[in-house]
Amino acid sequence: MGFRCGIVGLPNVGKSTLFNALTETQAAQAANYPFCTIEPNVGNVGVPDPRLDELARIAGSQKIIPTQLGFVDIAGLVRGASKGEGLGNQFLGNIREVDAIVHVLRCFENVDIQHVDNKIDPISDAETVETELMLSDLESLERRVPAAVKKSAQGDKESKIIASVLGQALDLLREGKPARLTVPKDEEEERVFAQAQLLTAKPVLYVCNVEEESAATGNAFSARVFEKAKAEGANAVIVSAAIEAEIVTMPLEDRAEFLTELGLTEAGLARIIRSGYELLHLLTFFTVGPKEARAWTVHAGAKAPDAAGEIHSDMQRGFIRAETIAYDDFVTLGGEAAARDAGKLRQEGKEYVIKDGDVLHFKFNV
């Protein structure tokens, strides 16, 4: 299971430059004018995980297959997008189809790069985009909720659920707050809320795009963004899109030294992925053998049959049990055979909840 993050922001904040760097392609045209990205570019990148490399080394795996993370580069939003200004309707539709929003904010000054508002203010930029998303949701719910209230009064059960949970979201939006603050009271309300695909219900990761000199420590602009994220219970990371673009042109063996010279311990991609996992409550499990070592992604709380289903639907349908070794035990003991001999290989059933780093082998019968 992969997940898709939509990269959004105002024009000329570094979205396409970041996308190109993250996907190690030049698929998105990074140009110094608004709307250079007309159709959303989609790129999948392997999630870097040192644990996978270590498991492959121990098992002598011929291939290493990381789990995938999808990025969608969505063209810059402008004021009035919710009313179709710019290419607003199309862009808002693209955002609706992603799992999380990576909101890139310009936190650098450069007189050679035009800003749509002719000022550098990441908080104002964030509010511009958020306002358009809220207005779009507000327009949608102001049509749906009254209709649901009317039908619920006639005894329609589904409409009663819709009126309850989406009514709560509508009240929040009218107060200028995002729909993600809605608290469904049960599984039925959670289902209805998810099906509504509200733009402001999606989790948000703020990416502060800073100049190269501030990549390690941030700057006054990024400090304000972090304050905003903390107040909202959101996540934020500091990235220099320019540095990321330079890194991907380097040989692999030179990248670590380059990062060290800049005072960095890892590339921005790793920080974005880690925050993205936390944002979406995801975890990784592994399958390991002589042919391949592979990483897989599931939501936190997933049970063993759900994890089996990520590999193949037949495995989920005919699930019998999962042979399970914790990552630390696999590495410390030197592989599956030694873990089995030490009593660290466990037989887990259908109710087992997957833990991050589990090394799994599924038994099934169809």
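Read on for a plain summary of the structure. (Residues numbered from 1 in each chain as written. Predicted model: local features only at pLDDT ≥ 70, side-chain atom pairs only at ≥ 80, totals over all residues. Heavy atoms only, no water.)

1. Remarks on the packing of aromatic side chains
Then step 1. Evaluation of the coordinates by the stated rule reveals four aromatic pairs.
Then step 2. Measuring from ring centre to ring centre gives 6.3 Å for Phe-285 and Trp-296, while their planes differ by 15°; the resulting arrangement is stacked. Of this pair, Phe-285 sits in strand E8 (residues 282-288) while Trp-296 sits in strand E9 (residues 292-299), and the two are eleven residues apart along the sequence. Note on accessibility: Phe-285 and Trp-296 belong to one class, buried. (Phe/Tyr/Trp six-rings, centres within 6.5 Å; stacked < 30°, edge-to-face > 60°. Helix = DSSP H or I, 4+ residues; strand = E, 2+ residues; numbered from the N terminus. Buried < 20%, exposed > 50% of the residue type's maximum accessible area, 1.4 Å probe, protein only.)

2. Description of the side chain of Arg-271
Then step 1. Along the chain, Arg-271 falls in helix H10 (residues 268-280).
Then step 2. An unpaired buried charge is present at Arg-271: no salt bridge exists, and Glu-266, the closest side chain of opposite charge, is 4.6 Å distant.
Then step 3. There is a polar contact of 2.9 Å between the side chain of Arg-271 and the backbone oxygen of Ile-238.
Then step 4. If sequence neighbours within four positions are ignored, Arg-271 has contacts with Val-237, Ile-238, Val-239 and Glu-266. (Lys, Arg positive; Asp, Glu negative; His and termini not counted. Salt bridge = Lys/Arg side-chain N within 4 Å of Asp/Glu carboxyl O. Polar contact = N/O pair within 3.5 Å; in protein donor to acceptor, adjacent residues only side chain to side chain. Contact = heavy atoms within 4.5 Å.)

3. Re the pattern of salt bridges
Then step 1. Counted according to the given criterion, the structure contains 18 salt bridges.
Then step 2. Of the charged contacts in the structure, one is a salt bridge between Glu-54 and Arg-57, with a shortest N-O distance of 2.7 Å. Of this pair, Glu-54 and Arg-57 both sit in helix H2 (residues 50-59), three residues apart, which is roughly one turn of that helix.
Then step 3. For Glu-54, a relative accessible area of 23% gives the class partly exposed.
Then step 4. Judged by relative accessible area, Arg-57 falls into the exposed class, the value being 56%.
Then step 5. With a shortest N-O distance of 2.7 Å, Glu-232 and Lys-228 are connected by a salt bridge.

4. Here's the deal with the packing of helix H5 (residues 157-174) against helix H6 (residues 187-195)
Then step 1. The N-to-C vectors of H5 and H6 enclose an angle of 70°; their axes lie 9 Å apart at closest approach. Judged by the inter-axis angle, H5 sits roughly perpendicular to H6. Crossing of H5 over H6 shows right-handed handedness. Residues Glu-158, Ile-161, Ile-162, Ser-164, Val-165, Leu-166 and Ala-169 of H5 pack against Glu-188, Glu-189, Arg-191, Val-192 and Phe-193 of H6.
Then step 2. Among the residues making up the contact of H5 with H6, the classes are represented as seven nonpolar, one polar and four charged. (Axes fitted to C-alpha atoms, helices over the stretch in contact; angles between N-to-C directions. Parallel < 35°, antiparallel > 145°, perpendicular 65-115°, else oblique. Left-handed = near helix turned anticlockwise from the far one by under 90°. Nonpolar A, V, L, I, M, F, W, Y, C, P; charged D, E, K, R; others polar.)

5. Digging into a negative patch on the surface
Then step 1. On the surface, a cluster of negative charge is contributed by Glu-253, Asp-254, Glu-257 and Glu-261.
Then step 2. Considering the arrangement of structural elements, one finds Glu-257 in helix H9 (residues 252-261).
Then step 3. Look at Glu-257 and you get exposed, because its relative accessible area is 52%. (Patch = residues over 30% accessible without salt bridge, like charges linked within 9 Å, V, L, I, M, F, W, Y side chains within 5 Å. Areas by Shrake-Rupley, 256 points an atom, 1.4 Å probe, with all protein chains shown as cover. Charge placed at Lys NZ, Arg CZ, Asp CG, Glu CD.)

6. Structural notes on the sheet that holds strand E7 (residues 235-239)
Then step 1. Spatial ordering of the open sheet is given by E2-E4-E1-E5-E6-E7, a layout of six strands whose pairing is mixed. Two strands in the sheet have a free side with no partner beyond their single neighbour: strand E2 (41-46) and E7. Going across the sheet, the axis of each strand differs from the next one's by a mean of 25°, ignoring polarity.
Then step 2. Examined bridge by bridge, strand E5 (residues 100-106) and strand E6 (residues 204-209) share six bridges and lie parallel to one another. Following the sheet pairing, Leu-105 is matched in E6 by Cys-208.
Then step 3. Of the strands in this sheet, E5 and E6 are in contact with helix H4 (residues 122-152), which crosses E5 at around 145°.
Then step 4. Relative to the sheet, H10 contacts strand E1 (3-8), E2, strand E4 (68-73), E5, E6 and E7, its axis offset from that of E7 by approximately 175°. (Pairing = 2+ DSSP bridges.)

7. Brief notes about H6
In an α-helix, one turn spans 3.6 residues; hence positions three or four apart end up facing the same way.
Then step 1. The set of residues buried in H6 consists of Glu-189, Val-192 and Phe-193. On an axial view of H6, the arc spanned by its buried residues comes to 100°, and they lie on one face. Exposed and facing more than 90 degrees away from the buried side of H6 are Glu-187, Ala-194 and Gln-195.
Then step 2. For H6, the N-terminal cap is Asp-186; the gap from its side-chain oxygen to the backbone nitrogen of Glu-188 is 3.2 Å.
Then step 3. Looking one or two residues beyond H6, the residue adopting positive phi is Gln-197, at roughly 50°. (Arc of directions from axis to C-beta.)

8. With respect to the nonpolar core
Then step 1. Ranked by internal contacts, the top residues of the largest apolar core, which has 50 residues, are Leu-18, Leu-69, Phe-71, Ile-95, Tyr-206, Val-207 and Ile-272.
Then step 2. Top contributing element to this core by residue count: H10, with six residues.
Then step 3. Residues contacting Leu-69, with those up to four places away along its chain left out, are Phe-3, Cys-5, Gly-43, Asn-44, Val-45, Val-47 and Ile-273.
Then step 4. In this structure, Leu-138, Val-145, Ala-148 and Ala-169 belong to the second largest nonpolar core, which totals 18 residues. (Core = buried A, V, L, I, M, F, W, Y, C linked by side-chain atoms within 4.5 Å.)

9. Quick look at the pairing of E9
Then step 1. The sheet contact formed by strand E3 (residues 63-65) and E9 spans three bridges and is parallel. When the bridges of E9 are listed, Ile-65 appears paired with Arg-294.
Then step 2. As paired strands, E8 and E9 are joined by seven bridges and run antiparallel to one another. Looking at the pairing, Thr-287 lines up with Arg-294 of E9.
Then step 3. Hairpin connection of E8 to E9: three residues between the antiparallel strands.

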